[in-house]
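Structural features, examined
Okay, here's what each chain looks like letter by letter:
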2 protein chains.
Amino acid sequence: MKIAIAQLNPIIGDLNGNAKQILVAAREAEKQDVRLLLTPELSICGYPPRDLLLDPSFVSQMGVILQQLAEELPSQMAVLVGCVQPNERSLAVGGKPLYNSSALLQHGKIQQIFHKRLLPTYDVFDEYRYFEPGLAANSLVLEAVGSRESGVGSREEATVTHHAPLKIGVTICEDLWNDEEFWGKRSYAINPIDDLIQQGVDLVVNLSASPYSANKQQVREAMLQHGSMRHQIPVLYTNQVGANDDLIFDGCSVGFNRAGEMVCRARAFETDLLIVEYDEQARDLQPSKIAPMPANEDEEIWQALVLGVRDYTRKCGFSKVVLGLSGGIDSSLVAAIATAALGKENVLGVLMPSPYSSEHSVQDALELGKNLGILTQTIPIGELMQGYDKTLEPLFAGTPFGIAEENIQSRIRGNLLMAVANKFGYLLLSTGNKSEMAVGYCTLYGDMNGGLAAIADVPKTRVYSICRWLNERGEERRRDSGFSESGAILATSHQPLATPDSRLPIVPENVINKPPSAELKPGQLDQDSLPDYDILDDILQKLIQEHQSAAQIVAAGHDATVVDRVVQLVVKAEFKRRQAPPGLKITDRAFGTGWRMPIANKWVSNSTIPSSEVVSQASLSPSLPPR
Amino acid sequence: MKIAIAQLNPIIGDLNGNAKQILVAAREAEKQDVRLLLTPELSICGYPPRDLLLDPSFVSQMGVILQQLAEELPSQMAVLVGCVQPNERSLAVGGKPLYNSSALLQHGKIQQIFHKRLLPTYDVFDEYRYFEPGLAANSLVLEAVGSRESGVGSREEATVTHHAPLKIGVTICEDLWNDEEFWGKRSYAINPIDDLIQQGVDLVVNLSASPYSANKQQVREAMLQHGSMRHQIPVLYTNQVGANDDLIFDGCSVGFNRAGEMVCRARAFETDLLIVEYDEQARDLQPSKIAPMPANEDEEIWQALVLGVRDYTRKCGFSKVVLGLSGGIDSSLVAAIATAALGKENVLGVLMPSPYSSEHSVQDALELGKNLGILTQTIPIGELMQGYDKTLEPLFAGTPFGIAEENIQSRIRGNLLMAVANKFGYLLLSTGNKSEMAVGYCTLYGDMNGGLAAIADVPKTRVYSICRWLNERGEERRRDSGFSESGAILATSHQPLATPDSRLPIVPENVINKPPSAELKPGQLDQDSLPDYDILDDILQKLIQEHQSAAQIVAAGHDATVVDRVVQLVVKAEFKRRQAPPGLKITDRAFGTGWRMPIANKWVSNSTIPSSEVVSQASLSPSLPPR
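Predicted, not measured: the structure shown is a model, and the values here were computed from it.

So, how was this worked out
- Residues numbered from 1 in each chain as written.
- Chains lettered and ligands numbered in written order.
- Predicted model: local features only at pLDDT ≥ 70, side-chain atom pairs only at ≥ 80, totals over all residues.
- Heavy atoms only, no water.
- UniProt positions renumbered as here; feature names shortened; annotations may be inferred.
- Buried < 20%, exposed > 50% of the residue type's maximum accessible area, 1.4 Å probe, protein only.
- Helix = DSSP H or I, 4+ residues; strand = E, 2+ residues; numbered from the N terminus.
- Domains from an automatic or database assignment.
- Buried area = accessible area lost by both parts, 1.4 Å probe.
- Salt bridge = Lys/Arg side-chain N within 4 Å of Asp/Glu carboxyl O.
- Contact = heavy atoms within 4.5 Å.
- Least-squares fit on C-alpha atoms with pLDDT ≥ 70 in both.
- 1 Å grid on protein atoms, 1.4 Å probe; cavity = no way out; pocket = protein on both sides within 12 Å on 5 of 7 lines; lining within 4 Å.
- Points joined across faces, edges and corners; volume = space filled by probe spheres on them.
- Nonpolar A, V, L, I, M, F, W, Y, C, P; charged D, E, K, R; others polar.
- Lys, Arg positive; Asp, Glu negative; His and termini not counted.
- Polar contact = N/O pair within 3.5 Å; in protein donor to acceptor, adjacent residues only side chain to side chain.
- Core = buried A, V, L, I, M, F, W, Y, C linked by side-chain atoms within 4.5 Å.
- Pairing = 2+ DSSP bridges.
- Right-handed = clockwise from strand over helix to strand, strands pointing away.
- Axes fitted to C-alpha atoms, helices over the stretch in contact; angles between N-to-C directions.
- Parallel < 35°, antiparallel > 145°, perpendicular 65-115°, else oblique.
- Left-handed = near helix turned anticlockwise from the far one by under 90°.
- Disulfide = S-S within 2.5 Å.
- Phe/Tyr/Trp six-rings, centres within 6.5 Å; stacked < 30°, edge-to-face > 60°.
- Lys NZ or Arg CZ within 6 Å of the ring centre and 35° of its normal.

Take the UniProt feature "active site" (unreviewed entry) in chain A next. Residue and element names in this part refer to chain A. In the numbering adopted here, UniProt assigns the feature "active site" (unreviewed entry) to Glu41, Lys116 and Cys173. With the annotated positions falling across 133 residues, the maximum pairwise C-alpha distance of 9.5 Å places them together in a single cluster. Classification of lysine 116 by relative accessible area gives buried; the value is 0%. With respect to the helices and strands, cysteine 173 occurs in the loop between β7 (166-172) and α5 (180-183). For cysteine 173, a relative accessible area of 0% corresponds to the buried category.

Another point: the domain arrangement of chain A. Residues and elements named next belong to chain A. Domain annotation for chain A reports domain 1 (2-292) and domain 2 (299-620). Relative placement of domain 1 and domain 2: their C-alpha centres are 36 Å apart. Carbon and sulfur atoms make up 52% of the surface buried where domain 1 meets domain 2, a total of about 2,900 Å² over both sides. In this assembly, domain 1 and domain 2 are joined by 2 salt bridges. The salt bridge partner of arginine 596 is aspartate 126, with a shortest N-O separation of 2.8 Å.

With that settled, the discussion passes to the environment of valine 604 of chain A. Residue and element names in this part refer to chain A. Considering the arrangement of structural elements, one finds valine 604 in the loop between α20 (574-578) and α21 (617-620). Sequence spacing of valine 604 and valine 567 is 37 residues, and the spatial spacing of their C-alpha atoms is 7.0 Å. Once you skip the residues sitting within four places of it in the chain, valine 604 turns out to touch Val567, Gln568, Val571 and Ile609.

Time to look at the relation of the copies chain A and chain B. Between chain A and chain B, the superposition needs a rotation of 180° and an axial shift of 0.0 Å, giving an RMSD of 0.0 Å. Each copy turns onto its partner about a two-fold axis. Judged by C-alpha distance, glutamine 579 of chain A is the residue of chain A that lies nearest the rotation axis, at 2.1 Å. A high fraction, 100%, of the interface residues of chain A reappear at the interface in chain B, so the copies pair face to face through one surface.

Put simply, the largest cavity is a space of about 660 Å³. Contributing to the lining of the largest cavity are 30 residues, with Arg578, Gly592 and Thr593 of chain A together with Arg578 and Gly592 of chain B lying nearest its centre. Among the elements of the structure, α20 of chain A together with α21 (574-578) of chain B are those that each provide at least two residues to the lining of the largest cavity. Its residues placed into classes, the lining of the largest cavity shows 12 nonpolar, 6 polar and 12 charged.

With that out of the way, let us pick up the UniProt feature "binding site: ATP" (unreviewed entry) in chain A. Residues and elements named next belong to chain A. What UniProt calls "binding site: ATP" (unreviewed entry) maps, in this numbering, to Gly324, Leu325, Ser326, Gly327, Gly328, Ile329, Asp330, Ser331 and Thr431. For the annotated residues, spread through 108 residues, the largest C-alpha to C-alpha distance comes to 11.9 Å, consistent with a single compact locus. Relative to the assigned elements, glycine 324 resides in strand β16 (residues 321-324). When residues no more than four places from it in sequence are discounted, the contact partners of glycine 324 are Ser331, Val350, Met352, Leu417 and Thr431. Position of isoleucine 329 relative to the elements: it lies in helix α9 (residues 329-342). Look at isoleucine 329 and you get buried, because its relative accessible area is 4%. Setting aside residues no more than four positions away along its own chain, isoleucine 329 makes contact with Lys460, Val463, Tyr464, Cys467, Val511 and Ile512.

Now for the environment of proline 74 of chain A. Residues and elements named next belong to chain A. Among the secondary structure elements, proline 74 is positioned in the loop between α2 (56-72) and β3 (78-86). On the basis of relative accessibility, which here comes to 10%, the residue proline 74 falls in the buried class. The spatial distance from the C-alpha of proline 74 to the C-alpha of arginine 27 is 6.8 Å, given a sequence separation of 47 residues. Residues contacting proline 74, with those up to four places away along its chain left out, are Ala26, Arg27 and Glu30.

Attention shifts here to the side chain of arginine 589 of chain A. Inspection of the secondary structure puts arginine 589 of chain A in the loop between α20 and α21. Buried charged residue arginine 589 of chain A carries no salt bridge. Nearest counter-charge: aspartate 51 of chain B, at 4.4 Å. A polar contact is formed between the side chain of arginine 589 of chain A and the backbone oxygen of isoleucine 544 of chain A, at a distance of 2.7 Å. When near neighbours in sequence (up to four residues on either side) are disregarded, arginine 589 of chain A contacts Lys434, Asp457, Leu543, Ile544, Gln545, His547, Trp595 and Met597 of chain A together with Asp51 and Leu54 of chain B.

Here we take up the nonpolar core. With 202 residues, the main nonpolar core has Leu37 of chain A together with Leu37 of chain B as its most contacted residues. For leucine 37 of chain B, the contacting residues outside a window of four places in its chain are Ala4, Ala6, Ile22, Ala25, Ala26, Ala29, Met77, Ala78, Val79, Leu80 and Leu273 of chain B.

A few words now on the pairing of strand β17 (residues 347-351) of chain A. All names here are of chain A. Most of β17 is tucked away, with 5 of its 5 residues classed as buried. The two faces of β17 match: Val347, Gly349 and Leu351 on one face and Leu348 and Val350 on the other face are all buried. Inspection of the sheet shows β16 paired to β17 by 4 bridges, in the parallel sense. When the sheet's bridge partners are listed, valine 322 is paired in β17 with leucine 348. Viewed along the sheet, the connection from β16 through α9 into β17 turns out right-handed. Bridging between β17 and strand β18 (residues 375-378) involves 4 bridges; their strand directions are parallel.

Moving on, we get to unusual backbone geometry. Residues tyrosine 47 of chain A and proline 48 of chain A are joined by a peptide bond in cis, for which omega reads -5°. Mapped onto the secondary structure, proline 48 of chain A falls in the loop between β2 (34-38) and α2.

Following the criterion strictly, the structure yields 64 salt bridges over all chains and no others. The shortest N-O distance in the salt bridge between arginine 578 of chain A and aspartate 245 of chain B comes to 3.1 Å. Of this pair, arginine 578 of chain A sits in helix α20 while aspartate 245 of chain B sits in the loop between β10 (241-244) and β11 (247-250), which puts the two residues in different chains. Summarising the burial analysis for this pair, arginine 578 of chain A and aspartate 245 of chain B share the class buried.

Our focus in this paragraph is the sheet that holds strand β6 (residues 139-142) of chain B. Residue and element names in this part refer to chain B. Strand order across the open sheet formed by 6 strands is β6-β7-β8-β9-β12-β13, with mixed pairing between neighbours. Two strands bound the open sheet, and with one partner strand each, they are β6 and β13 (262-265). Within the sheet, the average angular offset between the axes of one strand and its neighbour, ignoring direction, is 20°. Sheet topology places strand β8 (residues 203-207) next to strand β9 (residues 235-238); 4 bridges connect them, and they run parallel. Its bridge partner being in β9, valine 204 is matched across the sheet by valine 235.

Moving on, we come to the packing of helix α1 (residues 15-31) of chain B against helix α2 (residues 56-72) of chain B. Residue and element names in this part refer to chain B. Between α1 and α2, the least distance of the axes is 10 Å, while the angle of their chain directions is 20°. Here α1 is positioned roughly parallel relative to α2, judged by the angle of their axes. Crossing hand, α1 versus α2: right-handed. Along its contact with α1, which presents Leu15, Asn16, Ala19, Ile22, Leu23 and Arg27, the element α2 presents Phe58, Gln61, Met62, Ile65, Leu69 and Glu72.

Per the stated rule, a full pass over the model turns up 0 disulfides over all chains. You can see cysteine 316 of chain B has no disulfide; the closest cysteine sulfur is in cysteine 442 of chain A, sitting 17 Å from it.

Attention now goes to the interface of chain A and chain B. Every contact between the two is made by 111 residues of chain A and, on the other side, 111 residues of chain B. The closest approach of N and O atoms between glutamate 405 of chain A and lysine 423 of chain B, which form a salt bridge, is 2.7 Å. Counting the contacts that link chain A with chain B gives 45 residue pairs in polar contact (both at pLDDT 80 or more). For the side of chain A that touches chain B, the elements supplying multiple residues, two or more each, are α2, α3 (90-93), α4 (127-130), α8 (297-315), α11 (382-396), α12 (403-424) and α21 of chain A.

Quick look at the packing of aromatic side chains now. Scanning the model with the defined rule gives 26 aromatic pairs over all chains in all. Look at tyrosine 47 of chain A and phenylalanine 249 of chain A: their rings are 6.4 Å apart centre to centre, the planes differ by 85°, and that puts the pair in the edge-to-face class. In this pair, tyrosine 47 of chain A sits in the loop between β2 and α2 while phenylalanine 249 of chain A sits in strand β11 (residues 247-250), placing the two residues 202 residues apart along the sequence. Neither residue differs from the other here; tyrosine 47 of chain A and phenylalanine 249 of chain A are each classed as buried. Where tyrosine 122 of chain B meets phenylalanine 125 of chain B, the ring centres are 5.5 Å apart and the plane angle is 75°; that geometry is what we call edge-to-face. Here the aromatic cluster, defined as three or more aromatic residues joined through ring pairs, consists of Trp177, Phe182 and Trp183 of chain A. Positioned over the ring face of phenylalanine 396 of chain B is lysine 423 of chain A, at 5.0 Å from the centre of the ring.

Attention now moves to the packing of α12 of chain A against helix α11 (residues 382-396) of chain B. The geometry of a pair of packed helices is captured by two quantities: the angle between their axes and the separation between those axes. Two elements in contact, α12 of chain A and α11 of chain B, have axes whose closest approach is 11 Å; the angle formed by their N-to-C orientations is 40°. Relative to α11 of chain B, the element α12 of chain A lies oblique. Taken as a pair, α12 of chain A and α11 of chain B cross one another with a handedness that is right-handed. Listed contacts from α11 of chain B to Ile412, Asn415, Leu416, Ala419, Val420, Lys423 and Phe424 of chain A of α12 of chain A are Tyr388, Thr391, Leu392, Leu395 and Phe396 of chain B. For the contact of α12 of chain A with α11 of chain B, the class distribution of residues is 9 nonpolar, 2 polar and 1 charged.

See the structure below:
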């Protein structure tokens, strides 16, 4: 019996468009005799719909579209479609008004509804804000191949068959993320897979919308493998692909047989239709196509960012982007990402040299633009700087050059870039990295300007590493991912990764080798104000991702003065981050929708406050594995 | 027996400072023979601490400070202090790692811990992100007056008394917000007060941090009155006061006797120490001081905004603010608020006229400045506009004047204001109102610039109404709120509301009477681009606060074309709001931490999509009453 995973790229709120994607996938699957089609969590509205769920007309229209879809789908095929469902009991007995559900559509109707039981409410997830947890574990039954086709639950016409019906346990995303053997702890009181096993299911399917972070697929696969081995049950995991706002979904839908062997995997960062055979005699999944993963972490993050930039641009209705090119490594990387995402003809780089800009900065930026084949424009800002000096003279006379003047330059550039964006309908990409965003080494309303912060979650040391990888790819061009036979029909929103046009290196060697500088005053270097980036990034990793205290970071070998200063800078920069554009999330903990810090706040962890024994560290580290 | 409510204004994360506030209140209460002191929810860390709760060193340090406080407090007094507590069982059985708790401190020790049972997770509240709900209803017991003082739970020394011990049920904020009789529906499956009544408590205390919105105190009082009458039990509600980031806490702590009569109320928008007598013979609260409420909604919102501006400024470490004065009504109101909040000597108004500015704009702004007694500076921007024109000429030649050029002007002003703020260490206040923020009639990185958006949740029609009220106050100066005897000791962070210095009207009549204009091109009026503000605000009220669909708004009598256009504008402006500064929340639904909309989104409710019957509107309207 053939089962297919439709690894779809929905647009949030585009109910008609998303339904059409499901329909196209189902028609293609029908040609290949697929009996059951799996789609991601909330596939009909896209994940996460966030506060659209508070709009009753959105929810009711979703019901209308779901009904229409049921009527249009191939009648014989069973299709699981992610949707929300009202909680009819909430007014009477309490509880949230909606469920996060999956509907089984077949024979023109909604046959069965499954509710998500474990609701992630941490990091970027707010599910308890909207949803009531489902109470029951549920399964669906498919008659075996060779039996006369029968409706789910209506077996009066079923004929005798050699095989027992296939009983499939349906789980939604987080439902599979509570294996205390795997995680070493429980996150929720119940474990839905235990209930399904007790019901005697033959197969567990999981419908997910699991956002990307670096190396997460390895964790997912280890966890799914553990589950399939522990319970001796085949597992099929379906993920969303595509990006919206700060979240990137990497796809990589995957299946494991009852021995814990991987039997299939869909492509990373692309739509796919993955078909796998369930052998009714062996009661197990058969080996099928396994798509390769990116070769290393740099390539993986690169692909994630390319998808993130492409989808944000496209889904917000833009086709072209503009960005400032300083000749530095951050804007060089963002330009390369944008070129790969949108094509060189859709990227405009703007150089805005000031009297403090070095000669090599302009050369490096122009060389990068040439390597990428993108259009560049040069707009010197010296006269505007003088204009501000003159305009502010009555107030500023007699004060020394300082941060205010540095920021004016950055904001002149921000104004010019927005003027270009507004005039020509471009999306402005901002180019700040995570290390800068962490310590506030950036100008609000200046270089922070943009509709999307492409590398805001990429630490500076990783920016270097990706640029080196980009250059080292040599003349190897990224394989033209094209379309597989089954993937092609899903590809309305797909566009192969463009390859930068130039000979290598793409990023001029000088950009990589020169010391980083904001060039906002003569001779300025980042390291005049900040620790070396390898030290800074290690402190930030411990502080932000590992939730370590200043005392712990010092105990790990860092200088106490440096640590205390970095911690203070991070706290003080909160007001800037609050006003930052969405930044593509590639780590476990990004400064985005999952980072909710007060601004008016006097808590600063410093190295003189010992980490008390009052509270166990382990019990407080982020309560759940990032999904 | 005397019970006191310490209506405190904590600073988020300032564990030592907040503990000191509690200590000062307790020492004052001790002088007045108070037996039990109530403090607000999470009084030791301030509410809401948000993701500081994910920092283990923050939680452990809170435990240390709580212990120290227990040792320093007057030994005989029982004090309820809001704090978080680890959930020791979470690793083994699942669940969140913390509780939102209140600790009973007495005799130098933590005597008892109470956990919050109902965890708001809607609007601005994210409590399920951090906390596990408490399972049990709990009460504390105080020996009656006349009995020998005994430790809670240690009665070996208690002497005979004429009165039974007082059994007090402890609830935390939301715990009291689930009365299905009052709300007409249940929000949670359990109702903690029912459990306490069954335990036979004599009094229910509620420790809250309930953010302000207009008219909310009336709802709170009606609900508390309903509860006290329904269960024939006296109720004491303790609220936090003060503001942080987007949230304003209005105080207004209040008590009701078992007949549902109000017996005491603390001041609105100020710290207070409210003492009330519990009559052990009558088993009821005795009448005490009832502070007046603001006379009308305009005054109430005004006071809220004054507190919001004062506290954000102070708690972020600023003493002075700067803002742009356009001669329009929005900046006039913000200047008046800032003057009342911080004193005229701490407010700088900057006029930045362009060639498109009308003569009266400059005059109006100067007159306003004079009325308020604040310093003003005038910085014309004409030359800078020419500078940008010249600089962009190579790219923009031949294109018509449009939005890009309008935005340049606004961004020049934004840059100048930030330069002044950076140079002199001022906080920049932005002046946009809610109507503008809703439809995007504002410039990102221009007039949206600022650390705090003082009136971002105030609809334009309400801006007019508050300004008219401000002028109509006549020569009546706001009463010098001073300090009551009991309040004075809490007043380290308190500063009486300053009264604008000028003769009336404060806001020049011309500012109120002229048609609103952004003055970014010759002859421009807001109403060239937008519907009349009374129409716009009514549509926005229905759309945003009442969750109505476009079809419903049209059915209520609005023009379909106008409604559809407004809805589209609201959706399209999401990218601007995402980058806005925190805006002081004064309505049930503000564009702040409680507004979580996707940007890359294709859902637009429009009047041709009927509101289907599939989902009951009632069941989906915001699931819970705003707390």
